[in-house]
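Each chain, letter by letter, is given below.
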Amino acid sequence: APQVLAWDEPNGFMLLSDLGTQTMMQVIDPAQPEANLGLYLQAVDALVTWQTASKPDVLPPYNQALLKRELGLFPEWYLGQHRGLTLDAAQQSTLDTAFATIMAQNLSAPSVYVHRDFMPRNLMMPLGSSAQLGVLDFQDAVYGPISYDIASLMRDAFLTWDEDFVLDITIRYWEKARKAGLMDFEDWHSDFGAFYRAVEWMGLQRHLKVAGIFARLGIRDNKPKYLADTPRFIAYLRSTASRYRELFPLLRLIDHIEDTSSAVAFSFGRL
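Residues numbered from 1 in each chain as written. Predicted model: local features only at pLDDT ≥ 70, side-chain atom pairs only at ≥ 80, totals over all residues. Heavy atoms only, no water.

1. A look at the overall build of the protein
Phase 1 of the analysis: A tally of regular secondary structure across the protein gives ten helices and six strands.
Phase 2 of the analysis: Here the protein has a C-alpha radius of gyration of 19 Å; the compact-globule value for 271 residues is 18 Å, and the two agree.
Phase 3 of the analysis: Along the longest, intermediate and shortest principal axes, the C-alpha atoms of the protein span 55 × 45 × 40 Å.
Phase 4 of the analysis: The proportion of buried residues among the 271 residues of the protein is 47%.
Phase 5 of the analysis: Taking all contacts inside the protein whose residues are at least 6 apart in sequence as the whole, residues at least 24 apart take part in 72%.
Phase 6 of the analysis: In the form shown here, the protein has an accessible surface area of approximately 13,200 Å², with 52% of it arising from carbon and sulfur atoms. (Helix = DSSP H or I, 4+ residues; strand = E, 2+ residues; numbered from the N terminus. Rg over C-alpha atoms; globule rule 2.2 N^0.38 Å. Buried < 20%, exposed > 50% of the residue type's maximum accessible area, 1.4 Å probe, protein only. Contact = heavy atoms within 4.5 Å. Areas by Shrake-Rupley, 256 points an atom, 1.4 Å probe, with all protein chains shown as cover.)

2. Examining helix H9 (residues 230-241)
Phase 1 of the analysis: The end-to-end C-alpha distance of H9 is 17 Å, a good match for the 16 Å that twelve residues give at a rise of 1.5 Å each.
Phase 2 of the analysis: Regarding H9, the residues found buried are Thr230, Arg232, Phe233, Ile234, Tyr236, Leu237, Thr240 and Ala241. (Expected span 1.5 Å × (residues − 1).)

3. Re the confidence of the model for the protein
Phase 1 of the analysis: Summary statistics for the protein give a mean pLDDT of 93 and a share of 96% for residues scoring 70 or more.
Phase 2 of the analysis: This model gives residues 265-271 a pLDDT under 50, and the stretch forms 20 contacts once residues within four places in sequence are excluded. (pLDDT = per-residue confidence, 0-100.)

4. Quick word on helix H3 (residues 64-71)
Phase 1 of the analysis: Leu66, Leu67, Glu70 and Leu71 are the residues of H3 that are buried. The buried residues of H3 occupy an angular sector of 130° when projected down its axis, which confines them to one face. Opposite the packed face of H3, turned more than 90 degrees from it, sit the exposed residues Lys68 and Arg69. (Arc of directions from axis to C-beta.)

5. Let's talk about the nonpolar core
Phase 1 of the analysis: Ranked by size, the top nonpolar core spans 43 residues in total, and within it Phe74, Leu208, Phe214 and Leu247 carry the most contacts.
Phase 2 of the analysis: Elements represented by at least two residues in this core include exactly H3, helix H4 (73-82), helix H5 (89-107), helix H8 (192-219), H9 and helix H10 (248-258).
Phase 3 of the analysis: Sorting elements by how many residues they give to this core places H8 first, with nine residues.
Phase 4 of the analysis: If sequence neighbours within four positions are ignored, phenylalanine 214 has contacts with Ala157, Phe158, Tyr226, Leu227, Asp229, Thr230 and Phe233.
Phase 5 of the analysis: Residues Val112, Leu133, Trp174 and Trp188 belong to the second largest nonpolar core, which totals 41 residues. (Core = buried A, V, L, I, M, F, W, Y, C linked by side-chain atoms within 4.5 Å.)

6. Some remarks on the packing of H3 against H4
Phase 1 of the analysis: Between H3 and H4, whose axes approach to 5 Å, the crossing angle comes to 5°. Judged by the angle between their axes, H3 and H4 are roughly parallel. From H3, Arg69, Glu70 and Leu71 reach across to H4, where they touch Leu73, Phe74 and Pro75.
Phase 2 of the analysis: Across the contact of H3 with H4, the residue classes tally to four nonpolar, no polar and two charged. (Axes fitted to C-alpha atoms, helices over the stretch in contact; angles between N-to-C directions. Parallel < 35°, antiparallel > 145°, perpendicular 65-115°, else oblique. Nonpolar A, V, L, I, M, F, W, Y, C, P; charged D, E, K, R; others polar.)

7. Some thoughts on the packing of aromatic side chains
Aromatic ring pairs are described here by two measures, namely the spacing of the ring centres and the angle between the planes.
Phase 1 of the analysis: According to the stated counting rule, one finds 19 aromatic pairs in the structure shown.
Phase 2 of the analysis: Between tryptophan 201 and tyrosine 244, the aromatic rings sit 5.6 Å apart at their centres with planes inclined by 55°, giving tilted as the arrangement. In this pair, tryptophan 201 is assigned in helix H8 and tyrosine 244 in the loop between H9 and H10, connecting sequence segments 43 residues apart. Across the pair, tyrosine 244 and tryptophan 201 agree in class, each one buried.
Phase 3 of the analysis: Between phenylalanine 214 and phenylalanine 233, the ring centres sit 5.3 Å apart and the planes meet at 85°, which makes this aromatic pair edge-to-face. With phenylalanine 214 in helix H8 and phenylalanine 233 in helix H9, the pair connects residues that are 19 residues apart, well separated along the chain. Of the two residues, phenylalanine 214 and phenylalanine 233, both sit in the buried class.
Phase 4 of the analysis: Aromatic ring contacts, followed pair by pair, group Tyr173, Trp174, Phe185, Trp188, Phe192, Phe195 and Tyr196 into a single cluster.
Phase 5 of the analysis: The ring of tyrosine 62 carries arginine 116 above its face, with NZ or CZ at 5.4 Å from the centroid.
Phase 6 of the analysis: Above the face of the tryptophan 174 ring, arginine 178 is positioned so that its terminal group lies 4.1 Å from the ring centre. (Phe/Tyr/Trp six-rings, centres within 6.5 Å; stacked < 30°, edge-to-face > 60°. Lys NZ or Arg CZ within 6 Å of the ring centre and 35° of its normal.)

8. Brief notes about the packing of H8 against H9
Geometrically, a packed helix pair is captured by the angle between its two axes and the distance between the axes.
Phase 1 of the analysis: Taken N-terminus to C-terminus, the directions of H8 and H9 make an angle of 150°; their axes are 9 Å apart at the nearest point. Comparing their axes, H9 and H8 come out roughly antiparallel. In this structure, the crossing between H8 and H9 has a hand that is left-handed. For the pair H8 and H9, the contacting residues are Glu200, Leu204, His207, Leu208, Val210, Ala211 and Phe214 in the first and Thr230, Phe233, Tyr236, Leu237 and Thr240 in the second.
Phase 2 of the analysis: By residue class, the composition of the contact of H8 with H9 is eight nonpolar, three polar and one charged. (Left-handed = near helix turned anticlockwise from the far one by under 90°.)

9. A word on the pattern of salt bridges
Phase 1 of the analysis: Using the criterion set out here, one finds 13 salt bridges in the structure.
Phase 2 of the analysis: Where glutamate 200 meets arginine 155, a salt bridge forms, and the shortest distance between an N and an O atom there is 3.4 Å. Taken together, the residues glutamate 200 in helix H8 and arginine 155 in the loop between helix H6 (148-154) and helix H7 (163-179) connect sequence positions 45 residues apart. We note that glutamate 200, like arginine 155, is buried.
Phase 3 of the analysis: Residue arginine 243 pairs with glutamate 200 through a salt bridge whose shortest N-O separation is 3.0 Å. Here the residue arginine 243 occupies a position in the loop between H9 and H10, and glutamate 200 occupies one in helix H8, the gap between them amounting to 43 residues.
Phase 4 of the analysis: For glutamate 200, a relative accessible area of 2% corresponds to the buried category. (Salt bridge = Lys/Arg side-chain N within 4 Å of Asp/Glu carboxyl O.)

Take a look at the structure:
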């Protein structure tokens, strides 16, 4: 992260070290996933370093109240404001049940520092002889589920990768995190499938939130370019919900709202 060289707190000024002008997003080749392997491994290294520094009671907790508030953006802004929908009692019950299940799953994960927007647009390419990516936009960091930032990195708000590449990088992260002692929870240390399930459920929460945020940016803040990316999040939601029996009612609701149909895949098992 940038080093604070000087701080004029009363006037709100900081002098920071320079992390350059080129983001990781600007050098990614979206047409050739494997060409970006080195970049993503640098991002994984930065993430593990950030997480191993974690301590409780330093950052605000990513607790149930915050998760619930974030999930509420989806019905308020995406469904209500963007799609102009009012859910009936049965649909609202389906959404409430899904939200409760998602929160329970995510809150069961061990806690570390969570950036909350760990993705290539917020990672700066190394300057000079430095081998480290710079990290920006960390002002909303919290202490919460370890599964969040890797889900954010590999299920990008502005970039979609094939599942093979997502799995490859996520496995490499899991291996590094395991060596760092970050996977000592239930059977995560020995079972990547159990950890990946947690990543998918955490990603589901993020996608619901971001769909609401992007709708709000487009409608309230007059930034329509963000609405153009909402189909990416609906695709993420449908893909994940199709894997888990507990989420089939949510999948049917989304299909009804979006006028799409789904082929149920499978509940993600153990690898």
